[in-house]
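# Chain and residue survey
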Amino acid sequence: MLRFYSSLICFLAVSMVTLADEVLRGTVLNDSDKAFDGDSRTYFSSTYNYGWAGLDLGERHVITKVGWMPRDNTTSRMLLGVFEGANSPDFLDALPLAIILSTDEVGKAGEMSYAEVTCSQGFRYVRYVGPAASYAQVAELEFYGHEGIGDHSNITRLTNLPTVSIHTVDGIIPYDKVHEIEAQFTIIGDSTYALLSEPGTIRERGNASRGFPKKPWRIKFESKQHVLDAPAHAKKWTLINNYGDKTLMRNLLAFELSHAMGMPYTPYGRAVDVLLNGEYKGCYQLCDQVQVHEQRVNIEEMTPRDNSGDALTGGYFFEIDAYATSEPSYFWSNQRNPVSIKSPDEDSITTAQKNYIKGHFNKMESDWNTYLDLNTFLRHFLVGELSGNIDTYWSVFMYKHRMNDTIYTGPVWDFDLAFNNDGRITNPIYMSDYVYRSGGSCAGNMRSFVNKIIINTPSTKQHLVDIWDEARHNGIDEDHLVAFVDSMEEELQQSQQLNFLRWPIMNRIVHQNPRIWGSYAAEVENVRNFIAKRIEWMDNKLGYTYVPESISTISDGDTDEIDFRSLYRVYSLSGQLIGTDLDTLPAGVYIVRQGHLAKKVRLR
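Residues numbered from 1 in each chain as written. Predicted model: local features only at pLDDT ≥ 70, side-chain atom pairs only at ≥ 80, totals over all residues. Heavy atoms only, no water.

## Digging into the sheet that holds strand S13 (residues 217–226)
Which entries qualify depends on this criterion: Pairing between strands requires that DSSP locate at least two bridges from one strand to the other. Only DSSP runs of H or I reaching four residues or more are called helices, and only runs of E reaching two or more are called strands; each is numbered from the N terminus. Each axis is a line fitted through C-alpha atoms, and for a helix only the stretch in contact is used; angles between axes span 0 to 180 degrees, taken between their N-to-C directions.
Ordered by their spatial adjacency, 7 strands build a closed barrel running S10-S11-S12-S13-S14-S16-S15, and the pairing between neighbours is mixed. Strand after strand, the sheet turns through a mean of 35° between neighbouring axes, direction not considered.

Here's what the structure looks like:
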C-alpha cells in the first residue's frame, strides 16, 4: 500500500477566519507565508525547482475563485501555473482547480488577477504549483470559497480532454525504466467516466523517446482498472509523449488505419492532458500497455511450469526489435534478426521456453510460407506503407498461440515519424518504391526477410490487393480519413495550445522533423494532404482500381441485375481483364462489368 505523508510540509501558526465566498485564511504551508502576507513588495520563492505555496484551511472548503499577483512582469514565472485542492496534507489526492492559460492571464506586478473555479468538491488543503524552472515565484495568492464537503458533480479538467493527474510520494520524479515510483493516479474524464483515483507506480518507458525533455511513462495501478472508455480491465497503461509529432495525432490516426485494415487487435488510445505533482506536462496519448491480456494480445499466459508437451508451445509474445540487446530477455535469430521476448517475461521465462521460441522463430524465418500468418503480416505491412512509417520494421510485434505453429504479426505501434514526418527519407508520395526499401529503418536483416515475401513471391501481390480492396471499402478512403483528422484537430485544439506553450518547439526542428510548417493548422494540413496522395500512390503501386462502395458484393448464383446470358467482362481487383466467363475461374473475388453496371462477385 502507498504511504501518505510528505516531508516537505511545514506548518506556520496562523489564525483561520473563513467568510463565505470571500478570501480564505489558513495555516500557511511550505514556508510560503510571503505569498499570503498582503504585501506586494514581498514574494515567495521555493528553494527547489518543483515548488509550490499553499494553505491548510482547517476544514473542507469549496473553492470558487483563485487570485494571484506575479513577482514581476516576467510572464514565464507564472504561465501554466496550476492551482490544486486536496484533502491529504501530502497532496497525493490533489485535483486541479485552475491553470493560468496565457501571458495575458499572468497579469502585471502590483495587480491581482483572478480565475473562476468550477470544481464542486471541497478541499482542506489548497496550493499554487509553479511551472517548470520558475521556483513557484509569486508575490501574492488568494483562495476564495465557502466551507463544505462538496460533491463530485463537477470536477475540473484543464481542457475539453480528459486530465490525468499524477502525484508521487515525496514528489519524486520518475528517472529511469527500472525504478517504480509510488504514486496516486487521478483520471478526470467526461460525465460517463468522471473520476478514477487509485494508487500505483510510475516509471519511464520507451527507447529514443526517453531522450526528449517531454518524458514518456508507464503507469501501473495496484489493481486492475477500467480507464475512460478503454476495453481492457488492466493494471498497466502507457502515456506516450509524441514529442516530435506536432499534430499530436499520428499514432491515433495509425490506430484508425489498423482498425480499417482489420488487424485482430488495435491498441486503445486517447489524447489527454497530464499533470505531474501539479506541474503541467503537456498533451499525451493514454494508451494500452501492449501485453498479453485477454483484451490486448489475447494468447495463453505461460508459467515456469510450462516446460514440455503442449504447454511448452505457447503462448509467446515477442518483438523484432532494434533495441533488443538492451532488453533483459532476447536472442539473435539464424538470419541475424534481434528478437526481444515480452512474454513470458524475464522474471519467469525458463531455458526450455526460450530455446523453444528461438527455435520456432528460426523455423518461421526459413519457411515463412508454412509458419507465418500472411494475413496479419500483410495487413501490418499495408498500415506501415500507407502511413509512410520509416520504422515499420525497426520494431515488429509478433505472437504465437499454444498448440498452433503459426506466428502472427501485430499489433501496429509507434507512428510519430509517419505521415510525412521524417527528414531522413524523401516524402513517400514521391517515392517509386515502398518505404521499407527506400531508406526505412530495419532491425537486423528484416529488409531481406520482407523482400522475400513482398517482392520475390508473385502470389503475394494478389493477396495484398485482396486485403487492400477490403480495406478500401472499410474506411481506407480519403473522405473517412480526412474526416477523422478534422475531428482530431478540433478535439485537440485547446490542448495543443497549452502543449506548445509548455514545449515551444513549433518553429524548431525536433526529432526527425523534415521541415518547419510554422503552425498547428499547417502541421495538420500536411497530414491531410499526405493521406489523399498516399492512398492514390498505394492504388497505383498495387495496380488497383477502386470500385466505389456503392458496388455491392454478390455470391456465385446470386445474379441479381447481371444478365449472364449476355456479354459481360470479368476483371481482377487490380483492374486487369481476365475473361468473359465466371464458370472458368477459380474461387475468389472479381469485378463483373456489363454496360454501365458493375458488381463485385465472390465465387466459392
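Don't stop here, the text continues.
## Structural notes on the pattern of salt bridges
Counted only if it meets this: The term salt bridge refers to a pairing of a side-chain nitrogen on Lys or Arg with a carboxyl oxygen on Asp or Glu at a separation within 4 Å. Residue burial is assigned from relative accessible area. The probe radius is 1.4 Å, only protein chains are included, and a residue is buried under 20% of its type maximum, exposed over 50%, and partly exposed in between.
Scanning the model with the defined rule gives 24 salt bridges in all. The closest approach of N and O atoms between arginine 218 and glutamate 180, which form a salt bridge, is 2.5 Å. Pair noted here: arginine 218 is in strand S13 and glutamate 180 is in the loop between strand S10 (163–168) and strand S11 (181–188), with a separation of 38 residues, a long-range link. For aspartate 229, the salt bridge identified is with arginine 270, shortest N-O distance 3.4 Å. Residue aspartate 229 is found in the loop between S13 and strand S14 (233–240), and its partner arginine 270 is found in strand S15 (residues 269–276); the two are separated by 41 residues along the sequence. Relative accessible area serves as the criterion here: at 39%, aspartate 229 is assigned to the partly exposed category.

## Observations regarding the sheet that holds strand S21 (residues 407–409)
Rules: The contact rule is simple, with two residues in contact once any of their heavy atoms fall within 4.5 Å.
Spatial ordering of the open sheet is given by S18-S19-S17-S20-S21, a layout of 5 strands whose pairing is antiparallel. Edge positions in the sheet fall to strand S18 (330–332) and S21, since each of these pairs with one other strand and no more. The sheet shows a mean angle of 30° between the axes of neighbouring strands, taken without regard to direction. Lying on the sheet, helix H3 (residues 351–366) is in contact with strand S17 (316–321), S18, strand S19 (338–343), strand S20 (395–400) and S21; it crosses S17 at an angle near 60°. Lying over the sheet, helix H5 (residues 374–386) contacts S20 and S21, oriented at roughly 20° with respect to S21.

## Overview of the layout of surface pockets
Keep this limit in mind: Using a 1 Å grid laid over the protein atoms alone, points where a 1.4 Å probe fits but cannot get out form a cavity; open sets with protein on both sides within 12 Å along at least 5 of 7 lines form a pocket; any residue with an atom within 4 Å of a point counts as lining. Grid points are joined across faces, edges and corners, and a volume is the space filled by probe spheres set on the points. Classification used: nonpolar for Ala, Val, Leu, Ile, Met, Phe, Trp, Tyr, Cys and Pro, charged for Asp, Glu, Lys and Arg, polar for all others including Gly.
If you add up the space inside the second largest pocket, you get close to 300 Å³. Every residue lining the second largest pocket is counted, 19 residues in all, and those nearest its centre are Leu252, His259, Pro267, Tyr268 and Gly269. Among the secondary structure elements, those contributing two or more residues to the lining of the second largest pocket are helix H2 (250–260), S15 and helix H8 (478–502). Sorting elements by how many residues they give to the lining of the second largest pocket places H2 first, with 4 residues. Residues of the lining of the second largest pocket, tallied by class, amount to 10 nonpolar, 4 polar and 5 charged.

## Topic: a negative patch on the surface
For clarity, the cut-off: Patch membership requires more than 30% relative accessible area and the absence of a salt bridge. Residues of like charge join within 9 Å; the nonpolar side chains Val, Leu, Ile, Met, Phe, Trp and Tyr join within 5 Å. We get accessible surface area from the Shrake-Rupley algorithm with a probe of 1.4 Å; when it comes to residues, only the shown protein chains can shield them. Only four residue types enter the tally: Lys and Arg on the positive side, Asp and Glu on the negative side, with His and both chain ends excluded. By convention, charge coordinates are those of NZ in Lys, CZ in Arg, CG in Asp, or CD in Glu.
Residues Glu301, Asp345, Glu346 and Asp347 make up a contiguous surface patch of negative charge. Tracing the chain through its elements places aspartate 347 in the loop between S19 and H3.

## What to know about the packing of aromatic side chains
We count it as follows: Here is the rule: rings of Phe, Tyr and Trp (six-membered ring for Trp) pair when centre to centre is within 6.5 Å. Planes less than 30 degrees apart are stacked, more than 60 are edge-to-face, and the remainder are tilted. Charge over a ring is defined by NZ of Lys or CZ of Arg lying within 6 Å of the ring centre and within 35 degrees of the ring normal.
Under the definition given, this model contains 25 aromatic pairs. Both rings, one in phenylalanine 91 and one in tyrosine 125, keep their centres 6.2 Å apart while their planes meet at 65°; by these two values the pair is edge-to-face. Linking phenylalanine 91 in the loop between strand S5 (82–86) and strand S6 (95–99) with tyrosine 125 in strand S8 (residues 122–129), this pair joins segments that are 34 residues apart in sequence. Accessibility expressed as a relative area gives 6% for tyrosine 125, which makes it buried. Members of the aromatic cluster, joined through ring pairs, are Phe377, Phe381, Tyr393, Tyr434, Tyr436, Phe449 and Trp537. The ring centre of tryptophan 237 lies 4.5 Å from the NZ or CZ of arginine 296, which sits over that ring. Directly above the ring of tryptophan 332 sits arginine 336, whose terminal nitrogen or CZ lies 4.3 Å from the centroid.

## Brief notes about unusual backbone geometry
In this structure, glycine 315 follows glycine 314 across a cis peptide bond, with omega equal to 5°. Structurally, glycine 315 can be placed in the loop between strand S16 (279–288) and S17. The backbone phi angle of leucine 248 is positive, close to 65°, even though this residue is not glycine. Relative to the assigned elements, leucine 248 resides in the loop between S14 and H2. Using a relative accessible area of 3% as the deciding quantity, one classes leucine 248 as buried.

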